[in-house]
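What follows is each chain in one-letter form.
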Amino acid sequence: MSACAQPVQARSERIISLAPNLTEFVYALGAGSDLVGVIAHSDYPKQAQHKPIIGNYQHLDIEKILSLKPTVILSWAAGNPSQQLAILRQFHIPIVDISPQHILQLPAITRKIGRAIGREQQAEVLAQQEQAQLDHFTKDYANKTKIRVFYQIWQHPLITISAKSWLNDALQLCGGTNIFANATTAYPQVNLEQVLSSQPQAIILSSRNKQGAKIWQQWNTPAKHHLILLNPDWISRFGPRLVKGIQQLCQQLNTLRLSKHDTP
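Residues numbered from 1 in each chain as written. Predicted model: local features only at pLDDT ≥ 70, side-chain atom pairs only at ≥ 80, totals over all residues. Heavy atoms only, no water.

**Observations concerning helix α10 (residues 242–259)**
Okay, so step 1: Between its first and last C-alpha, α10 extends 26 Å over 18 residues, near the 26 Å set by a 1.5 Å rise per residue.
Okay, so step 2: Among the residues of α10, those classed as buried are Leu242, Val243, Gly245, Ile246, Gln248, Leu249, Cys250, Leu253, Asn254, Leu256 and Arg257. (Helix = DSSP H or I, 4+ residues; strand = E, 2+ residues; numbered from the N terminus. Expected span 1.5 Å × (residues − 1). Buried < 20%, exposed > 50% of the residue type's maximum accessible area, 1.4 Å probe, protein only.)

**Describing the nonpolar core**
Okay, so step 1: Residues Leu74, Ile103, Ile113, Ile117 and Ile246 are the most contacted members of the largest nonpolar core, which totals 50 residues.
Okay, so step 2: Among the elements that line this core, the one with the most residues is α10, at seven residues.
Okay, so step 3: The contact partners of Leu74, leaving out residues within four places of it in the chain, are Ile15, Ile16, Ser17, Leu18, Leu22, Val26, Val96, Ile113, Ala116 and Ile117.
Okay, so step 4: The next biggest cluster of nonpolar side chains, apart from the first, holds 14 residues, and it includes Ile16, Leu60, Leu68 and Ile95. (Core = buried A, V, L, I, M, F, W, Y, C linked by side-chain atoms within 4.5 Å. Contact = heavy atoms within 4.5 Å.)

**Notes on unusual backbone geometry**
Okay, so step 1: Between Tyr44 and Pro45 the backbone carries a cis peptide bond, its omega angle lying at -10°.
Okay, so step 2: Inspection of the secondary structure assignment puts Pro45 in the loop between β2 (35–38) and α2 (62–67).
Okay, so step 3: In the segment running from His156 into Pro157, the intervening peptide bond is cis, with an omega of 0°.
Okay, so step 4: By secondary structure assignment, the location of Pro157 is in the loop between β5 (147–152) and α6 (167–173).
Okay, so step 5: Here the phi dihedral of Gln199 falls at roughly 50°; this positive angle occurs in a residue that is not glycine.
Okay, so step 6: Given a relative accessible area of 61%, Gln199 falls into the exposed group.

**Some details on the pattern of salt bridges**
Okay, so step 1: The final tally for this structure, using the stated rule, is six salt bridges.
Okay, so step 2: A salt bridge links Arg237 to Glu24; the shortest N-O distance between them is 2.7 Å. In this pair, Arg237 sits in the loop between α9 (232–235) and α10 while Glu24 sits in helix α1 (residues 20–28), placing the two residues 213 residues apart along the sequence.
Okay, so step 3: Judged by its relative accessible area of 14%, Arg237 falls in the buried class. (Salt bridge = Lys/Arg side-chain N within 4 Å of Asp/Glu carboxyl O.)

**Quick notes on the confidence of the model for the protein chain**
Okay, so step 1: Looking at the protein chain as a whole, the pLDDT averages 90, with 89% of positions reaching at least 70.
Okay, so step 2: In this model residues 1–6 is a low-confidence stretch, pLDDT under 50, and it forms zero contacts with partners more than four residues away in sequence or in other chains. (pLDDT = per-residue confidence, 0-100.)

**Observations regarding the packing of aromatic side chains**
Okay, so step 1: Within this structure, the stated rule accounts for two aromatic pairs.
Okay, so step 2: Relative to Phe180, the ring of Phe150 lies with its centre 5.9 Å away and its plane at 75°, an arrangement referred to as edge-to-face. Taken together, the residues span a long stretch of sequence, with Phe150 in strand β5 and Phe180 in the loop between β6 (176–178) and α7 (192–198) at a distance of 30 residues.
Okay, so step 3: Where Trp166 meets Phe238, the ring centres are 5.2 Å apart and the plane angle is 85°; that geometry is what we call edge-to-face. With a gap of 72 residues between them, Trp166 in the loop between β5 and α6 and Phe238 in the loop between α9 and α10 connect regions that are remote in the sequence. (Phe/Tyr/Trp six-rings, centres within 6.5 Å; stacked < 30°, edge-to-face > 60°.)

**Some words on the state of the cysteines**
Okay, so step 1: This structure, assessed with the given rule, holds one disulfide.
Okay, so step 2: At a sulfur-sulfur separation of 2.0 Å, the disulfide partner of Cys174 is Cys250. Looking along the S-S bond of the Cys174-Cys250 disulfide, the torsion reads about -80°, which is the left-handed sense. With Cys174 in the loop between α6 and β6 and Cys250 in helix α10, this pair connects stretches of sequence that are 76 residues apart. Across the pair, Cys250 and Cys174 agree in class, each one buried. (Disulfide = S-S within 2.5 Å.)

**Thoughts on the sheet that holds strand β7 (residues 202–205)**
Okay, so step 1: Reading across the sheet, the four strands line up as β6-β5-β7-β8 and stay open at both edges, with parallel pairing between neighbours. In the strand order of this sheet, the two ends are held by β6 and β8 (227–229), each with one partner. Here the average twist between neighbouring strands, direction ignored, is 40°.
Okay, so step 2: Alignment of β5 against β7, held across four bridges, turns out to be parallel. Paired with Gln152 across the bridge in β7 is Leu205. (Pairing = 2+ DSSP bridges. Axes fitted to C-alpha atoms, helices over the stretch in contact; angles between N-to-C directions.)

**Some remarks on the environment of Glu13**
Okay, so step 1: Following the sequence through the fold, Glu13 ends up in the segment before β1 (15–17).
Okay, so step 2: Measuring from C-alpha to C-alpha, the distance between Glu13 and Val36 comes to 9.2 Å, with 23 residues separating the pair along the chain.
Okay, so step 3: For Glu13, the residues in contact, after removing those within four places along its chain, are Asp34, Thr71, Val72, Ala116 and Ile117.
Okay, so step 4: Only 2.5 Å separates the side chain of Glu13 from the side chain of Thr71, close enough to count as a polar contact. (Polar contact = N/O pair within 3.5 Å; in protein donor to acceptor, adjacent residues only side chain to side chain.)

**What to know about the packing of helix α4 (residues 106–117) against helix α5 (residues 120–141)**
Okay, so step 1: For the pair α4 and α5, the least separation of the axes is 8 Å and the interaxial angle reads 175°. Our classification of the angle between α4 and α5 gives roughly antiparallel. Between α4, through Leu106, Pro107, Thr110, Arg111, Gly114 and Arg115, and α5, the contact on the second element is made entirely by Glu120, Ala123, Glu124, Leu126, Ala127, Gln128, Glu130, Gln131 and Leu134.
Okay, so step 2: When the residues that make up the contact of α4 with α5 are grouped by side-chain class, the tally is six nonpolar, four polar and five charged. (Parallel < 35°, antiparallel > 145°, perpendicular 65-115°, else oblique. Nonpolar A, V, L, I, M, F, W, Y, C, P; charged D, E, K, R; others polar.)

Structure follows, in C-alpha cells:
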C-alpha cells in the first residue's frame, strides 16, 4: 500500500519541439532536460536558446532530427511543412500533432502534451490553473460594455484576424468586438479605408514593429488615441503564457471602459 501511495515517476523522453510555443510547454511541464531539439525562434525560456535547432517553419532538417534519436516529436499542424512530417512518420517516430482551434482548448492541449511527454501530473496541475484563469475572465468580463476593436497583426500589408482565429476568442473573453469577425479567412488582409469606415474604438497591436502604431497618427480616427500594445510573445503564442496575454488584453480594454466612465 505504501508503494501505491508514491507519486508516479515521470518517464524520460527524447523530445523534439517543432514550434516555439510547444517548446514553452515542455519547459512549463518540467521536461526541459528531455528536450533534444527545437525549432528556430524557440527563445523562451532562456535555456531553450542553447538547444540544437532542427529547422524552421519552412524547412526541417530531417537528417539532424533523426541523428538526435527522438522518442517523441511535438508538431504544430498549422506551421510545419506537411511533406516533411510525412517523411518523419515513415521512420515510425511518434509525432503528436497540436492544432487548437479555440482558446478554451488550452487546458486540454496542456493535458495532451503532458501525456505525450510523460508529464501527466504536472500537466494536470497546470491545466487546472489555466481553467481557473479562463473561468475568471469569463465571469469578470462577460457583462462588460462591448468595445469595437481592430486587431492588427501586421502593418504592411495590413493584416487582422477574423472569428476563424483563436485570437478572436481572446477578444470575446475580454468583452471586445472584432470589426472583421465575419471575414472569410482567419487572417485577412484589409485596407485603411475598411478599418476607418468600421469606426473601431480601439486598435490592438501585437507586434514588436514600432512602425505598426505610426500608420494611424495621420488619420482622423478616435481609435488612434486608444492604441493597445500587447506582448506578442504572450498573446500570439498558444502556450503556457497565453493566459498572461489575455489578462493584459482584458485589463487594457477595461482601462478604456473606465476612461469612458463605464461602470467597472
